[in-house]
Amino acid sequence: CTSKNCCYNFCMTCIESLIISSKDDYMEASDGNRHVKVFLHCPNCRSNLGQSIRDTLLLRKADFLLMMEDGTSLEDSELTPSQL
C-alpha cells in the first residue's frame, strides 16, 4: 500500500487478481445475487491504489525476469517491504 500509515503488502498473484477483478462490472454469485464491482483500494486502509498498482506489478515482473536471467529465484515472501 502507498499510504504513509499502512504497511500492507500484496504478492504478485494478489495484485493481478485485484486488477482483473476491478475490470469486471458485476459478478453473479452461485445463489444468483449480483455483487458490486471491485475497486482498486487497499484491503487494510481502503486508500486508492488505482494510480500505482499497475506500475508496482510491472516493476515486480521486470525484477522477476532479471532474477530469472541471473539464475536466482525469490518468492514474494522473501522480499523486504521496500522491495515489495
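The structure we're discussing is the one just above.
On a predicted model such as this, the values are computed, not experimentally measured, just so you know. (Residues numbered from 1 in each chain as written. Predicted model: local features only at pLDDT ≥ 70, side-chain atom pairs only at ≥ 80, totals over all residues. Heavy atoms only, no water.)

Enquirer: Whenever I open this one, the overall build of the protein chain confuses me. Can you help?
Expert: The helix and strand tally for the protein chain stands at 2 helices and 2 strands. Listing the helices and strands of the protein chain from first to last along the sequence gives α-β-β-α. A total of 84 residues make up the protein chain; the buried ones form 19% of that total. Partitioning the intrachain contacts of the protein chain with sequence separation of at least 6 by distance along the chain shows that 51% fall at a separation of at least 24. For the protein chain, the exposed surface amounts to about 6,500 Å²; the carbon and sulfur share of it is 53%. (Helix = DSSP H or I, 4+ residues; strand = E, 2+ residues; numbered from the N terminus. Buried < 20%, exposed > 50% of the residue type's maximum accessible area, 1.4 Å probe, protein only. Contact = heavy atoms within 4.5 Å. Areas by Shrake-Rupley, 256 points an atom, 1.4 Å probe, with all protein chains shown as cover.)

Enquirer: Mind showing me how you'd approach helix α1 (residues 12–23) here?
Expert: Quick reminder: α-helices carry 3.6 residues per turn. Residues three or four places apart thus point the same way. For α1, spanning 12 residues, the distance from its first C-alpha to its last is 17 Å, which sits close to the expected 16 Å at 1.5 Å a residue. Listed as buried for α1 are M12, I15, L18, I19 and S22. Each buried residue of α1 lies within a common arc of 130° when the element is viewed along its axis, so the set occupies one face. α1 presents T13 and I20 as exposed residues on the side facing more than 90 degrees away from its buried surface. (Expected span 1.5 Å × (residues − 1). Arc of directions from axis to C-beta.)

That is the geometry; function is a separate question.
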